[in-house]
Amino acid sequence: MLLAQHPPLKRHILCLGNALHGDDGLGPALARALAASPRALPADVSVFEVGTRGLDALALLEGCSRALLVDASQARGQAGRIWQGSAAQLLSQWQVVLGETATAHGAGLGFLLRAAASLGEGPDM
Amino acid sequence: MARIELNLDLNRVEGDLEIRLMVEDGVVVEARTVGTMYRGLEQILIGRAARDALVITPRVCGICSTSHLYAAVLALEHAWGLHPPANATRVRNLCLGAEGLQSDLRHSFLFFAPDFCAPRYVDRPEYARVLAEFEPFQGRIYRETLAATRRIVRIVAEFGGQWPHSSFMVPGGVSMGPDLRRLLACRAELDAARQWLEQSILGGDMEAWLALPDASAFHAWLEQGAAADAALALLNRFARGLQLHRIGVGSGHLLSYGACYEPEAMARGERLTRMSGGFWDADTGRVQALDQGLINEHVRHSWYQPYAGGRHPWEGETVPDYRPDSDRYSWAKAPRYGDKVVQTGPLAELLLGGDAMLQSLYREEGGSAWLRQLARLRRVAYGLQQSRSMLDEMALHLGEPHFEAPSGAPAEADPDGDGYGLVMAARGALGHWVKVREGVIEKYQIVTPTAWNASPRDSQGQAGHWEQSLLGLKLGDSEDTTEIGHIIRSHDPCLVCTVHMMSSDQRLRFSPF
């Protein structure tokens, strides 16, 4: 998702996933919970519901110094476990999943992270 | 005689499609495209408020959502007799153009060109240069394309609030008209894209490139100065070295709905396009004016409740009837123009639209996988030109309306009516057909470009365009599906394209990474 005319933001929370697809709805659920209580967030934090379109979120990694990406993953072990790490850690551990995107329709989170890294700019993730 | 069956599973992430090939002595003798997922969008829309189509149908696709929105709003305007003011059509065209630029550039340089980095080509001329330009996440053009396409869809966001999946087109116009700030912001994006195209891709002036009159001028362009070192010339040399200009022809019948609706004509209720459309009948060698009444869909080899022959989309049904053990093999229907199997896409759009250079190449060499890809890149220049002219026209008509409310008192329910909306999306001819009864949708049919191209067999047993494009392909090494990959990519598949090949005892995987 790309929003027009966004003010110069400092921190972005990007929530990925499909709300209609069981556990994959974690990201959207978090986004909606945060949106419902906007005062819980500092003024420089913006929340985006990205859906399942990874590469399109590249624009949301512009204009911010830090980005937090929230997604559900099968590859991270036991259900319900929360894993937190850097994008670089994810890239180094997740090669198998990253290799599976080969058209624009399949360009998901792994593609997004590699694309952001290859452009050599952007926020801490 | 060695006869093996290959299953090309193209569905890793979204689960959409696979291709089954029968190969005899290294030659493809039979192909079946299998849509492996039931979409059901049409069934979801039945009984809903007509305007829900403006929110739901863009979700068909994350890459071409603007084209679905455009087709949906045209269908409703047709059903209700509404004519959008000229500025609304200008905004719509501009946004559709920007989305097309994004799609064409990403497909060309993030997905088609990187296939040339396959290890089997390591000994080919200019392989090192191909790697330097197109290697995923490393190559110069690859990374520049990521940056350029991230910018260009800002144009849609300027008018639609977001991209993808915006719903800013409404019956009677658009929700946001042009103002000076928006025009300047959009112009900056178009100028940046054009500068990049000229420097990195074409190696020369875009207008001069568009003015090339024929095949010999095209070849001469690619040999001169900066153009010879630019990405297009490199792609052309490498593709021709692989003989991609000789394979993957497919159906000779071409379909285009015409590109870039004429704003002033639309305001008068005349649906004229700046670039003409039509149907090229390869049997007679003539162009026929487009008649949407000839469009019909067959389900003889699809998993839907059977009906005889083909049905026009207004009479169509999409009732699932899964029969895996029959000779039906796809969730895709088989659209036909009259009884003709057609191909649609940038090549059809530009050939029917009168591009002299491509027409000349088509006459000299015929259709091919490479010509389809070349047409996609050529359309980028048209897209930039058309989008810029929309901006310039808006600047001359600032302050004019962008929305016209239906006349009369607000009705309790939307009026009944039948309508259709046809646009040229990134992948070709896209149509929506709607019937509104008692304020809700009674029927809705979407015929996508990939439905035309990747259709299964019809009631007469005629194979679809993709199926035809793979026939006769000689597989150099039957365990390597790279060539099949080039052909499939040349169609710009609306699918996730990881190819698996099945033979007797092994399973191999094709992927550019």
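Residues numbered from 1 in each chain as written. Chains lettered and ligands numbered in written order. Predicted model: local features only at pLDDT ≥ 70, side-chain atom pairs only at ≥ 80, totals over all residues. Heavy atoms only, no water.

Trainee: Explain the side chain of histidine 12 of chain A to me, please; I cannot follow it from the model alone.
Mentor: All names here are of chain A. Considering the arrangement of structural elements, one finds histidine 12 in strand S1 (residues 11-16). A distance of 2.6 Å separates a polar side-chain atom of histidine 12 from the backbone oxygen of leucine 60. With residues near it in sequence (within four places) discarded, histidine 12 still touches Ser46, Phe48, Leu60, Glu62, Gly63, Cys64, Arg66, Ala67 and Leu68. (Helix = DSSP H or I, 4+ residues; strand = E, 2+ residues; numbered from the N terminus. Polar contact = N/O pair within 3.5 Å; in protein donor to acceptor, adjacent residues only side chain to side chain. Contact = heavy atoms within 4.5 Å.)

Trainee: How should I be thinking about the pairing of strand S2 (residues 45-51) of chain A in this particular structure?
Mentor: Residues in a regular strand point their side chains to alternate faces of the sheet. All names here are of chain A. Summarising burial for S2: 5 of the 7 residues are buried, a large majority. With 6 bridges connecting them, S1 and S2 associate as parallel partners. Bridge pairing in S2 links histidine 12 to serine 46. For the crossover that starts at S1, traverses helix H1 (residues 26-36) and ends in the parallel S2, the hand is right-handed. (Buried < 20%, exposed > 50% of the residue type's maximum accessible area, 1.4 Å probe, protein only. Pairing = 2+ DSSP bridges. Right-handed = clockwise from strand over helix to strand, strands pointing away.)

Trainee: How do you make sense of a nonpolar patch on the surface when you look at a structure like this?
Mentor: Residues and elements named next belong to chain B. Together, Leu180, Leu184 and Leu398 make up a nonpolar patch on the protein surface, roughly 290 Å² of accessible area in all. Summarising the element assignment, leucine 398 is placed in the loop between helix H16 (369-396) and strand S14 (417-425). The partly exposed category is assigned to leucine 398, whose relative accessible area is 37%. (Patch = residues over 30% accessible without salt bridge, like charges linked within 9 Å, V, L, I, M, F, W, Y side chains within 5 Å. Areas by Shrake-Rupley, 256 points an atom, 1.4 Å probe, with all protein chains shown as cover. Salt bridge = Lys/Arg side-chain N within 4 Å of Asp/Glu carboxyl O.)

Trainee: Can you walk me through the packing of H16 of chain B against helix H19 (residues 482-490) of chain B in this structure?
Mentor: A pair of packed helices is characterised by two quantities: the angle between their axes and the separation of those axes. Residue and element names in this part refer to chain B. In the contact formed by H16 and H19, the axes pass within 8 Å of each other and the chain directions differ by 40°. Our classification of the angle between H16 and H19 gives oblique. The hand of the H16/H19 crossing is left-handed. Contacts from Ala369, Arg372 and Arg376 in H16 reach Ile487, Arg489 and Ser490 in H19. (Axes fitted to C-alpha atoms, helices over the stretch in contact; angles between N-to-C directions. Parallel < 35°, antiparallel > 145°, perpendicular 65-115°, else oblique. Left-handed = near helix turned anticlockwise from the far one by under 90°.)

Trainee: Could you clarify how one ought to interpret the side chain of arginine 90 of chain B in this entry?
Mentor: Residue and element names in this part refer to chain B. Examined against the element boundaries, arginine 90 turns out to sit in helix H4 (residues 86-112). Here the side chain of arginine 90 touches asparagine 87 through a polar contact of 2.8 Å, side chain to side chain. If sequence neighbours within four positions are ignored, arginine 90 has contacts with Pro263, Glu264, Met390, Glu393, Met394 and His397.

Trainee: What is the right way to read the nonpolar core from this model?
Mentor: In globular proteins that are soluble, nonpolar side chains generally tend to be buried together. Counting 137 residues, the largest nonpolar core has Phe109, Phe134 and Trp209 of chain B as its most contacted members. If one sorts the elements of this core by residue count, H16 of chain B sits on top with 13 residues. In terms of nonpolar packing, the next biggest core, distinct from the first, is built from 26 residues, Leu14, Leu58, Ala115 and Ala116 of chain A among them. (Core = buried A, V, L, I, M, F, W, Y, C linked by side-chain atoms within 4.5 Å.)

Trainee: Help me understand the sheet that holds strand S3 (residues 66-70) of chain A, please; the structure alone is not making it clear to me.
Mentor: Remark on secondary structure: sheet strands pair via backbone hydrogen bonds, oriented parallel or antiparallel. All names here are of chain A. Strand order in the open sheet formed by 3 strands is S2-S1-S3, with parallel pairing between adjacent strands. Each edge of the open sheet carries a strand with a single partner, namely S2 and S3. For this sheet, the mean inter-axis angle between neighbouring strands, taken without regard to orientation, is 20°. Judged from the 5 bridges that link them, S1 and S3 form a sheet pairing that is parallel. Residue pairing for S3: cysteine 15 is matched across the bridge by valine 70.

None of this, on its own, says anything about what the molecule does.
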